[in-house]
Amino acid sequence: MKKTYFVLLVLITLISCQKDSSQDELTTEKPTLIVSDEQKTTYTGGLLQFFGSIISDTWEDKNFQGVRTIKIIYKTVDQDNEPIEASGMLMIPESIEGNEPLISIQHGTLSEKSQAPTNSVLGTNEFTLSCLFSSIGSVVAISDYVGYGHSADQKHPYQHKENTAQSTYDFLLAVFEYLERENIPTNEELFLMGYSQGGQATMALHEKIEEESQLTVTHSMPAAGAYNITQFTQEILSKDEDLEFIGSYVWVIEVFNQMYTSLQRPLDFYFNEPYASQLSQLEEIDKPVNLSLISPNPQKLFKKDLIDNILNGTDKVLLDVMAQNDVFDWKPSAPITLFHGTTDDYVYPSNSESAFAHIQTQGGDIRYVPLEGMNHQQAVMPYFLEASKIIFKE
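**Some points on the overall build of the chain**
Here comes step 1: When helices and strands are counted, the chain shows 15 helices and 9 strands.
Here comes step 2: Against the 2.2 N^0.38 benchmark of 21 Å for 394 residues, the chain shows a C-alpha radius of gyration of 20 Å, consistent with a compact globule.
Here comes step 3: Its C-alpha atoms put the chain at 60 × 50 × 45 Å along the principal axes.
Here comes step 4: Among the 394 residues that make up the chain, the fraction classed as buried is 61%.
Here comes step 5: Put simply, the chain shows about 15100 Å² of open surface, and 47% of that area lies on carbon and sulfur atoms.

**Let's talk about the pattern of salt bridges**
Here comes step 1: Taken as a whole and assessed by the stated rule, the structure comprises 13 salt bridges.
Here comes step 2: Its salt-bridge partner being Asp 286, residue Lys 113 comes within 2.9 Å of it at the nearest N-O pair. With Lys 113 in the loop between strand 4 (102-106) and helix 4 (125-135) and Asp 286 in the loop between helix 10 (275-280) and helix 11 (298-301), this residue pair connects regions lying 173 residues apart in the sequence.
Here comes step 3: Accessibility expressed as a relative area gives 23% for Lys 113, which makes it partly exposed.
Here comes step 4: For the salt bridge of Lys 389 with Glu 386, the shortest nitrogen-to-oxygen distance reads 3.1 Å. Here Glu 386 and Lys 389 lie together in helix 15 (residues 380-391), a separation of 3 residues that amounts to about one turn.

**Re the nonpolar core**
Here comes step 1: Formed by 44 residues in total, the largest nonpolar core has its most connected members in Ile 236, Ile 246, Phe 256, Phe 271, Ile 294, Leu 301 and Phe 302.
Here comes step 2: For this core, the secondary structure elements donating two or more residues are helix 7 (229-238), helix 8 (246-259), helix 10, helix 12 (304-311) and helix 13 (316-324).
Here comes step 3: At 9 residues, the largest contribution of residues to this core is made by helix 8.
Here comes step 4: Among residues more than four places away in sequence, those in contact with Ile 246 are Ile 236, Leu 291, Ile 294, Ser 295, Pro 296, Pro 298, Leu 301 and Phe 302.

**Focus: the sheet that holds strand 2 (residues 67-77)**
Here comes step 1: Judged by pairing direction, the sheet is mixed, and its 9 strands sit side by side in the order 1-2-3-5-4-6-7-8-9 without closing on themselves. Each of the sheet's edge strands pairs with one partner strand only, and the pair in question is strand 1 (34-43) and strand 9 (366-371). The average undirected angle you get between the axes of adjacent strands in this sheet is 20°.
Here comes step 2: Note: strand 4 against strand 6 (residues 190-195), 5 bridges, orientation parallel. Looking across to strand 6, one finds that Ile 105 is bridged to Met 193.
Here comes step 3: Seen against the sheet, helix 4 touches strand 1, strand 2, strand 3 (83-93), strand 4, strand 5 (139-143) and strand 6 and runs at an angle of roughly 45° to strand 3.

**Considerations on the packing of helix 4 against helix 15**
Here comes step 1: Running from N to C, helix 4 and helix 15 point in directions that differ by 25°, and their axes come no closer than 12 Å. The angle between helix 4 and helix 15 places the two elements in the roughly parallel class. The handedness of the crossing between helix 4 and helix 15 comes out as right-handed. Contact residues: Glu 126, Leu 129 and Phe 133 in helix 4; Met 381, Phe 384, Ser 388 and Ile 391 in helix 15.

**Re unusual backbone geometry**
Here comes step 1: Pro 274 follows Glu 273 through a cis peptide bond whose omega is 10°.
Here comes step 2: Looking at the secondary structure, you find Pro 274 in the loop between helix 9 (267-270) and helix 10.
Here comes step 3: The phi angle at Gln 264 is positive, at roughly 50°, despite the residue not being glycine.
Here comes step 4: With respect to the helices, strands and loops of the structure, Gln 264 is situated in the loop between helix 8 and helix 9.

**Let's talk about the packing of helix 7 against helix 13**
Here comes step 1: Between helix 7 and helix 13, the least distance of the axes is 7 Å, while the angle of their chain directions is 130°. The angle between helix 7 and helix 13 falls in the class oblique. Where helix 7 approaches helix 13, its residues Ile 229, Thr 230, Thr 233 and Gln 234 are matched on the opposing element by Leu 319, Met 322 and Ala 323.
Here comes step 2: Considering only residue class, the contact of helix 7 with helix 13 consists of 4 nonpolar, 3 polar and no charged.

**Structural notes on the environment of Glu 97**
Here comes step 1: Turning to its location among the elements, Glu 97 is positioned in the loop between strand 3 and strand 4.
Here comes step 2: Note on Glu 97: relative accessible area 64%, which makes it exposed.
Here comes step 3: Sequence spacing of Glu 97 and Asn 187 is 90 residues, and the spatial spacing of their C-alpha atoms is 9.3 Å.

Cut-off values and rules
- Residues numbered from 1 in each chain as written.
- Predicted model: local features only at pLDDT ≥ 70, side-chain atom pairs only at ≥ 80, totals over all residues.
- Heavy atoms only, no water.
- Helix = DSSP H or I, 4+ residues; strand = E, 2+ residues; numbered from the N terminus.
- Rg over C-alpha atoms; globule rule 2.2 N^0.38 Å.
- Buried < 20%, exposed > 50% of the residue type's maximum accessible area, 1.4 Å probe, protein only.
- Areas by Shrake-Rupley, 256 points an atom, 1.4 Å probe, with all protein chains shown as cover.
- Salt bridge = Lys/Arg side-chain N within 4 Å of Asp/Glu carboxyl O.
- Core = buried A, V, L, I, M, F, W, Y, C linked by side-chain atoms within 4.5 Å.
- Contact = heavy atoms within 4.5 Å.
- Pairing = 2+ DSSP bridges.
- Axes fitted to C-alpha atoms, helices over the stretch in contact; angles between N-to-C directions.
- Parallel < 35°, antiparallel > 145°, perpendicular 65-115°, else oblique.
- Left-handed = near helix turned anticlockwise from the far one by under 90°.
- Nonpolar A, V, L, I, M, F, W, Y, C, P; charged D, E, K, R; others polar.

The structure is reproduced here in structure tokens:
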């Protein structure tokens, strides 16, 4: 357990907050999505075994092989559905045999653009975990999302369901295109996973894949995501206490306010002074807002009229925008296993509880694994370890 908590310090950016390449239809029915690809660093099995042993005693005896990393620039769309080029990283074990699954890992909230997967090295964030999962027997894809990596000149549409789903889906298609071109086989299994923002992105991607019907998800394992943003918003605005994560929530509000023409309200519609003026002085809000600029208490930060109108349901325009970005109420074909720390005070467990109840009511195959006594930080590595058991059938 000490090793688990140690690696949480190494993977600090986590807490600052596809099917087989033989699917000919992916290349025959769709235009090419790859703009360019470049092999980056190759990590040795010995180095990866070292990092694996840090994560968990149970990983010390695993067979770690070398992993080569490939940066792919691909075509997708931005938040206005205009064509754009974005990037992601692909990890391939050196001795691939064709019986390995494909795993799509969606990364969590980034506090700086430099933390994007294609900018990362071993020892940081999901990039490290992606290399480790690949090293023990899988092909791993991890998208930067729009606004990071190759598209860092764009604003990141934080927590925006549609663009998150589209950009990660397009990256998966580009990955299949690469695997087919390079004659790299997989075993036709496709697993989806991600923590925090990555959990919400995983759920959105899963829904998108099943809507498009080109790929088949084997199992989806989202964790600690804001799946029910509508309810989460109401819970936040009901609190009269300091909230550590409020800077991330302000980011969500600002993104939605900018993106949706039905909103586009002045900041002083949402925020009390002096916070509205201090936020308006920022050149751009493209990461969690520093708490020195705002009050961490929602009752002090937000206008009382806004709070009242959200809680009593009269601000139907804003509530409709929130609902458009919810990912908790649909019926998946593939199984879902949700994970969430029971004492998470960053993304409340009610998000997973709500998703579990609604998807189960819809008739979906869903399971909920509460990580007992763990907060948002403590649950990171136990989640990835438990998810690995599902993927590698342990």
